[in-house]
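Close look at the chain arrangement
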Amino acid sequence: MATAPIALGNSSWARPLSRTLAIYFKEAKYEFLTRLRLRAYSISTISFPLMFYVLFGLVLNHKDAPVGGVGIATYLIPSYGTFGVMGASLFGTASGLAAERGLGWLQVKRASPMPPFAYFAAKVALGMIFSAVVVVLLLLLGITVGGVHLPVLDAAKLVAILVAGSLPFCAMGLAIGYFVGPNSAVATINLIYLPLSFCSGLWVPIMFLPKVMQQIAHFLPPYHLAQLAFSVVGAGQHESNLIHWEALIGFSLICLGVARLGFQRDEGKTYG
Amino acid sequence: MITALQEVQEIHTEVQVNGGAVIATLRRVSKNFGEVHALRQVDFSVRAGELVALLGPNGAGKTTAVKLFLGLAKPTTGTVSVFGGDPIHAEVRTRIGAMLQVAKVPETLRVREHIDLFSSYYPNPLPLAETLTLAGLQEIKDREFGELSGGQRQRVLFALALCGNPDILFLDEPTVGLDVESRRVLWEEIRRLVARGKTVLLTTHYLEEADALADRVVVINRGEIIAEGTPAEIKANTAGRRIRCVTSLDIEIVRSLPGVIEVRRDREGLEIRVRSAEPILRELLMRDARLSGIEVTSAGLEEAFLALTSANNGAA
């Protein structure tokens, strides 16, 4: 069969940078709107940490019982902040990715000229934005209702650390999203998220946990993020912050590697 | 019965000479998924400005062919080319629109937001208002996807395929699961696209759909192309027409008439499958003056298709 392919006019085709950035922005904006309107995500990620904080930090707060050297209302901000960041990041990335991968939507996007990385960047941006919202709301509650005193600079530092700390869990979410099915995603995330939070001392302060569990906690990424956050308010285990950063970066790289394997496996399935 | 295939292909060659340039090709493409041969040595091309229907039963390899054209799958052997390039490249994809079968679309985004996002992927997208008009979404542009009916959802997916102003559109089972009314609306929209000079490849297992829309029908079964031609050619070369009538003539006499393929008793009358209706009708009326209740129907692509695929299955 004779063919007369039409040559492409410009073989060194590239999208101008400004248009690429515009796509990244739109992708993130619509990912945010999608999730904001999805109350199962937006309300539960924000309200669970706040609810715990109100209950254990404000209502059941005995002012004469400091934890880790600071008042309980202060102590619980980094603690539930880490918990909230984990939830926003894991659910923000993994559940969407698992569903969109498993039910064909990702394939529709892949068939378009969308830059593939924009898709993942939007999910990570979403996790970070919701993380920031949770942490800021916790701080506002603590300062206005809980009588927490925190210099503005420290408060800003706390937000910055926790929002940056959303990255390892976004990476973890992408890895999970590539290896769970659309229907089992939420259950799987909860199975990882809740025990991990508990064992890292985010629900019951780490010093009240048995010695063995305190040892185990050193291998868990949320423990390291929480310790970085505690150091801002003068609580925590007072270890070297460098160790915590290293642990989080190492963990992020492992998760990204796993996510990459998943990406390649999927591409292999379609391209193989 | 498949001797017709050769003929159809010859006629088709002429159509190609008169048609536009080839813009998308599968050349000796085979695609295996493990032990499953989804496509076997398929040669198939799409010319500029035509509407081709890839027709076949479920599992025939239609979706696989579309995925190959979209660069979502790589052929096991053979080559795929769209606009002279590999569709895996974004520069080729900017000229392609795709409508795929998808189980779930993000439900909390509004129609116009979905379109706005997809439009941004392309260098010269259609204005939003034009996309909305072409896909008939003007009145529901502010609705969230989750609130839409089945037909409206398919039209949104159709809008996403056309919003980038692509030169060629691949529509994989665009009307599957739709009611008759929604299907006709979508057909009308697809026709309008072709009238604007777009090229369309659609897959379908609705024979009526291929008949109603396509300039050219390619019948595929078990990963192989088994017939190709205009809807009329395919019909003419296979099952012919069907006559129903009430007659006192003996069934064996009717069966012996030249040009009769098959005769069945149908309640009080006969159902006669013939290559061409007129000579048989003349003969019947001459032999039985009291013949009544005549009904002549086109055998339809449905029967043509069944004849083609069953012959193919028999040979396999």
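Residues take numbers from 1 onward in each chain, read along the sequence in its written order. Chain letters and ligand numbers both follow the written order, the letters beginning at A and the numbers at 1. Where totals are concerned, whole chains, interfaces and linings use all residues; where local detail is concerned, this predicted model gives features only for residues with pLDDT of at least 70, and gives and counts side-chain atom pairs only at 80 or more.

What about the overall build of chain A?
For chain A, the count of helices and strands is 11 helices and zero strands. A principal-axis box enclosing the C-alpha atoms of chain A has dimensions of 90 × 35 × 35 Å. Placing C-beta atoms from the backbone, we regard two residues as in contact once those atoms come within 7 Å. Sequence-distant contacts, at least 24 apart, represent 81% of the contacts inside chain A between residues at least 6 apart. Where helices and strands are cited, they refer to DSSP runs of H or I of at least four residues and of E of at least two residues respectively, numbered from the N terminus.

Considering helix α8 (residues 185-199) of chain A
Residues and elements named next belong to chain A. A helix's residues, less one, multiplied by 1.5 Å, set its expected span. A rise of 1.5 Å per residue sets the reference length of α8, with its 15 residues, at 21 Å; its end C-alpha atoms lie 21 Å apart and thus fit the reference within 8%. The burial label depends on the number of other C-beta atoms within 10 Å of a residue's C-beta. Counts of 20 or more mean buried, 12 or fewer mean exposed, and intermediate counts mean partly exposed, with C-beta atoms placed from the backbone. Considered for burial, the residues of α8 that qualify are A185, I189, Y193, L196, S197 and C199. Projected down its long axis, α8 carries its buried residues within an arc of 165°, all on one side. Of the exposed residues in α8, those oriented more than 90 degrees away from the buried face are A187, L191 and P195. At its buried positions, α8 is contacted by α3 (72-102), α7 (166-177), α9 (211-217) and α10 (221-233). After α8 finishes, the residue G201 shows a positive phi value of roughly 80°. As used here, the arc is the angular range of directions from the helix axis to the C-beta atoms.

Some points on the packing of α3(A) against helix α5 (residues 116-144) of chain A
Residues and elements named next belong to chain A. Interaxial angle, 0 to 180 degrees, is taken between N-to-C directions of lines fitted to C-alpha atoms, where a helix line uses only the stretch in contact. Packing of α3 against α5 leaves a shortest axis separation of 8 Å and a crossing angle of 155°. With respect to α5, the axis of α3 lies roughly antiparallel. Between α3 and α5 lies a crossing whose hand is right-handed. Note that Gly is not counted as nonpolar here; it falls among the polar residues with everything else outside the nonpolar set of Ala, Val, Leu, Ile, Met, Phe, Trp, Tyr, Cys and Pro and the charged set of Asp, Glu, Lys and Arg. Considered class by class, the residues forming the contact of α3 with α5 number 13 nonpolar, 10 polar and one charged. Angle categories are assigned with fixed cut-offs, so that under 35 degrees is roughly parallel, over 145 is roughly antiparallel, 65 to 115 is roughly perpendicular, and the rest are oblique. It is the rotation of the near helix from the far one that decides the hand of a crossing: anticlockwise by less than a right angle makes it left-handed, clockwise makes it right-handed.

Notes on helix α6 (residues 150-162) of chain B
Residue and element names in this part refer to chain B. Under the 1.5 Å per step criterion, the end-to-end length of α6 is 19 Å for 13 residues, consistent within 8% with the ideal 18 Å. Counting buried residues along α6, 10 of its 13 residues qualify, which places the element largely inside the surrounding structure. Where α6 is concerned, the buried positions are R153, Q154, R155, V156, L157, F158, A159, L160, A161 and L162.

Overview of the domain arrangement of chain B
The domain boundaries here were taken from an automatic or database domain assignment. The domain architecture assigned to chain B consists of domain 1 (4-95 + 167-236) and domain 2 (241-298). A C-alpha centroid distance of 37 Å is found between domain 1 of chain B and domain 2 of chain B.

Points about the interface of chain A and chain B
Opposite the 31 residues of chain A that make contact, chain B presents 34 residues. Elements with a minimum of two residues in the side of chain A that touches chain B: α1 (17-37), α4 (105-111) and α11 (241-271) of chain A. By residue number, the principal contributor to the side of chain A that touches chain B is α1(A), which donates eight residues. In terms of residue class, the side of chain A that touches chain B is built from 20 nonpolar, seven polar and four charged.

Here we look at the environment of A:L60
Tracing the sequence through the fold places A:L60 in the loop between α2 (39-59) and α3. The sequence separation of A:L60 and A:I72 amounts to 12 residues, and the corresponding C-alpha distance is 9.6 Å.

Thoughts on unusual backbone geometry
Residue and element names in this part refer to chain B. Look at Q41: it is not a glycine, yet its phi comes out positive at around 45°. Residue placement: Q41 occurs in strand β2 (residues 36-47). Taking the number of C-beta atoms within 10 Å as the measure of exposure, Q41 has 15 and is therefore partly exposed. We note that E173 has phi near 45°; this positive angle belongs to a residue other than glycine. Assignment of secondary structure puts E173 in the loop between β6 (168-172) and α7 (180-195). With 21 C-beta atoms counted inside 10 Å, the residue E173 sits in the buried group.

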